[in-house]
Amino acid sequence: MTTPPLSPTPLGSLPPREHLRPGQTGTVLDVVIPVYNEEKDLEPCVRRLHEHLVRTFPYGFRITIADNASTDDTPRIAALLDDEMDYVTAVRLEQKGRGRALRTVWSLSEAPVLAYMDVDLSTDLNALLPLVAPLISGHSDLAIGSRLSRSARVVRGPKREFISRTYNLILRGSLAARFSDAQCGFKAIRGDVAGRLLPMVEDTGWFFDTEMLVLAERAGLRIHEVPVDWVDDPDSTVHLVRTATDDLKGVWRVGRALATGALPLDRLARPFGDDPRDRELAGVPGGLARQLVGFAVVGALSTLLYLGLYSLCRLGVGPQVANAAALLVSTLANTAANRRLTFGVRGRERAVRHQAQGLVVFAIGLALTSGSLAALDAATVSPSAGSELTVLVAANLAATVLRFLLFRAWVFPERERREAAGRAAGDGARNAGRGPTAPHDVPHAQDAQDAHDRNDWSRSAR
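Residue numbers restart at each chain and count upward from 1, following the sequence in its written direction. Under the rules for a predicted model, residues below a pLDDT of 70 receive no local features and side-chain atom pairs below 80 are neither given nor counted, while totals for whole chains, interfaces and linings still include all residues. Neither water nor hydrogens contribute to the side-chain values; these are computed over all heavy atoms in the structure.

Draft legend 1. Focus on the side chain of threonine 210. Following the sequence through the fold, threonine 210 ends up in helix α7 (residues 208-218). The buried label applies to any residue whose accessible area, calculated with a 1.4 Å probe on protein chains only, is under 20% of its type's maximum; exposed applies above 50%, and partly exposed to all values in between. Overall, threonine 210 belongs to the buried group, its relative accessible area being 0%. Throughout, a contact is declared for two residues whenever any of their heavy atoms are within 4.5 Å. The residues touching threonine 210, leaving out its near neighbours within four places in the chain, are Tyr167, Leu171, Ala182 and Gln183. Working definition: helices are DSSP H or I runs of at least four residues, strands are E runs of at least two. Numbering for both runs from the N terminus.

Below, the structure is given as structure tokens:
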């Protein structure tokens with residue numbers, strides 16, 4: 001029995017993950033330590049991390065000190081460590097911001113696995129190899145340390161515990177985040193993923209981690225979580241109130257961008273791996289399960305919209321007119337939402353035709369619902385509003401199956417979906433070499449700053 005070949009990787013999407021073999025590349029892991037005025041902790045941190053990696057890490061590594069605009073003795077100490085120790089590099093940036101430091105160093109690094117940790121080394125270093133192992137093996141795209149996992153062991157005060165758990169609850173409720181700990185300073189990412197993901201991340205401060213994780217998760221990338229042993233640093237200089245305020249502003253900005261579809265997350269799509277169970281099976285329509293879920297969600301929301309509009313219109317007109325008006329508006333919204341979200345057809349091409357075909361589906365639904373109302377009127381002299389709504393819900397449910405079949409086979413057939421995916425992939429491939437071009441990507445001012453940071457990095461490296 002021959003194994004069917006893998007489908008080709010769409011243009012603009014990420015290639016399949018590959019295992020990084022020993023000897024395949026010199027430096028496999030680049031660990032970044034972002035610092036600002038850390039003259040006290042920097043040297044013992046770097047020496048401890050260096051000793052741990054030399055003793056336990058089986059691949060080539062580099063430690064990069066990213067000094068973002070320190071005003072104390074931190075730059076001098078970083079330069080001395082750079083000169084004295086093998087595999088240690090110091091980078092100087094002239095503006096503050098942990099996110100800015102990580103984006104600059106990660107964007108310039110050639111290592112296939114990129115990580116960072118806080119200078120206080122609150123996280124036990126024994127978790128570092130488990131953190132990066134799934135990225136080296138090709139299993140995952142990102143990895144994070146979690147202080148909120150059941151098997152994690154954490155020592156910290158009640159104030160920070162409350163803030164951390166509250167923040168993660170906000171992320172779950174507002175951005176539907178499924179990862180458990182956004183703010184733990186112990187994360188890693190594959191280099192090929194960073195090349196696509198970092199230009200989409202706007203924040204340059206503490207929200208950088210959260211924004212990166214939310215976008216990665218929404219794009220379907222795999223995030224591995226490692227329970228960690230973590231001891232709070234009582235001398236931490238993080239300003240909790242200002243950080244919390246900036247984080248909430250970031251949550252609002254990212255949520256708005258996701259809701260409006262302003263982010264090209266298709267550039268981060270991964271093809272399935274080489275497991276035969278991941279391949280398309282003969283006779284099974286591709287994407288059917290996902291489309292059913294999307295159609296059900298859109299249908300539920302449009303039904304709520306329909307019922308609200310019907311109840312509102314019923315205050316001033318009869319049931320037939322109210323039904324027709326509410327069904328027309330909700331159908332237009334339903335067709336547009338299914339076109340983009342369920343069947344993945346974007347752009348203006350054929351949009352008018354799709355709406356026209358959706359109106360034909362609307363006519364079928366109108367016939368079913370109007371016929372149901374007429375039958376109710378014939379059976380009952382003066383039906384109540386509750387009876388009308390019950391009959392209309394039943395009629396809409398009966399029309400849903402037919403609506404999905406018509407959408408899939410006639411309004412948005414497989415051929416058009418493939419063409420739309422091909423156009424989107426082609427656009428992503430053409431834009432990949434030009435960098436950010438839209439407002440949701442890194443702003444022009446940020447581009448200039450990143451260029452300035454790269455020059456600083458080059459001078460420091462020399």
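Draft legend 2. Seen up close, the sheet that holds strand β7 (residues 186-190). Any two strands are treated as partners once DSSP identifies two or more bridges connecting them. Across the sheet, which stays open at both edges, the seven strands sit in the order β3-β2-β1-β4-β7-β5-β8 with mixed pairing between neighbours. Every other strand in the sheet has two partners, leaving β3 (88-93) and β8 (223-227) as the edge strands with one partner each. Between one strand axis and the next, the sheet turns by 20° as a mean value, whatever way the strands run. Where strand β1 (residues 29-35) lies against strand β4 (residues 113-117), four bridges are found, and the strand directions are parallel. Bridge pairing in β4 places leucine 29 opposite valine 113. Strand contacts of helix α2 (residues 74-84): β1, β2 (61-68) and β3, with the helix running at about 150° to β3, the strand carrying the most contacts. Only the stretch in contact is used when fitting a helix axis, every axis being a line fitted to C-alpha atoms; angles between N-to-C directions are given from 0 to 180 degrees. Along the sheet face, α7 touches β4, β5 (142-146), β7 and β8 and points at about 125° away from the line of β5.

Draft legend 3. Just a nonpolar patch on the surface, in detail. Grouping into patches uses exposed residues only, defined as over 30% relative accessible area, and leaves out salt-bridged ones; the cut-off is 9 Å for like charges and 5 Å for nonpolar side chains (Val, Leu, Ile, Met, Phe, Trp, Tyr). Where accessible areas are quoted, they stem from the Shrake-Rupley method and a 1.4 Å probe; at the residue level, only the protein chains shown are allowed to cover. The salt bridge criterion pairs a side-chain nitrogen of Lys or Arg with a carboxyl oxygen of Asp or Glu, the two atoms within 4 Å. Residues Leu305, Leu328, Val329, Leu332 and Leu359 make up a contiguous nonpolar surface patch of about 360 Å² in total accessible area. By residue number, the principal contributor to the nonpolar patch is helix α10 (residues 319-342), which donates three residues. Topologically, leucine 328 is positioned in helix α10. Residue leucine 328 is classed as partly exposed on the basis of its relative accessible area of 34%.

Draft legend 4. Region of interest: unusual backbone geometry. Positive phi outside glycine occurs at tyrosine 87, with the angle close to 65°. Considering the arrangement of structural elements, one finds tyrosine 87 in the loop between α2 and β3. Residue classification places tyrosine 87 among the exposed residues on the basis of a relative accessible area of 51%. Unusually for a residue other than glycine, leucine 121 sits at a positive phi of about 50°. Looking at leucine 121, the relative accessible area reads 8%, which means it is buried.

Draft legend 5. Region of the structure containing the side chain of threonine 123. For threonine 123, the position within the fold is in the loop between β4 and α4 (128-137). When sequence neighbours within four positions are dropped, the list of residues in contact with threonine 123 reads Cys184, Phe186, Val228, Asp229 and Trp230.

Draft legend 6. Examining the packing of aromatic side chains more closely. What counts as a ring pair is set by centres within 6.5 Å for rings of Phe, Tyr and Trp (its six-membered ring), and what kind of pair is set by the plane angle: stacked under 30 degrees, edge-to-face over 60, tilted for all other angles. In this structure the tally under the stated criterion is 11 aromatic pairs. Taking the centre distance of 6.3 Å and the plane angle of 85° together, the rings of phenylalanine 295 and phenylalanine 407 count as edge-to-face. Highlighted residues: phenylalanine 295 in helix α9 (residues 288-313) and phenylalanine 407 in helix α12 (residues 385-411), separated in sequence by 112 residues. The residues phenylalanine 295 and phenylalanine 407 share a single accessibility class, namely buried. An aromatic cluster of at least three residues, connected via ring pairs, comprises Phe295, Phe343, Phe404, Phe407 and Phe412. The aromatic ring of tyrosine 36 is capped on one face by lysine 96, whose charged end is 4.2 Å from the ring centroid. Note on geometry: a ring has a charge over it if NZ (lysine) or CZ (arginine) is within 6 Å of the ring centre and within 35 degrees of the ring normal. Cation over ring: arginine 147 sits above tryptophan 230, and NZ or CZ is 4.8 Å from the ring centre.

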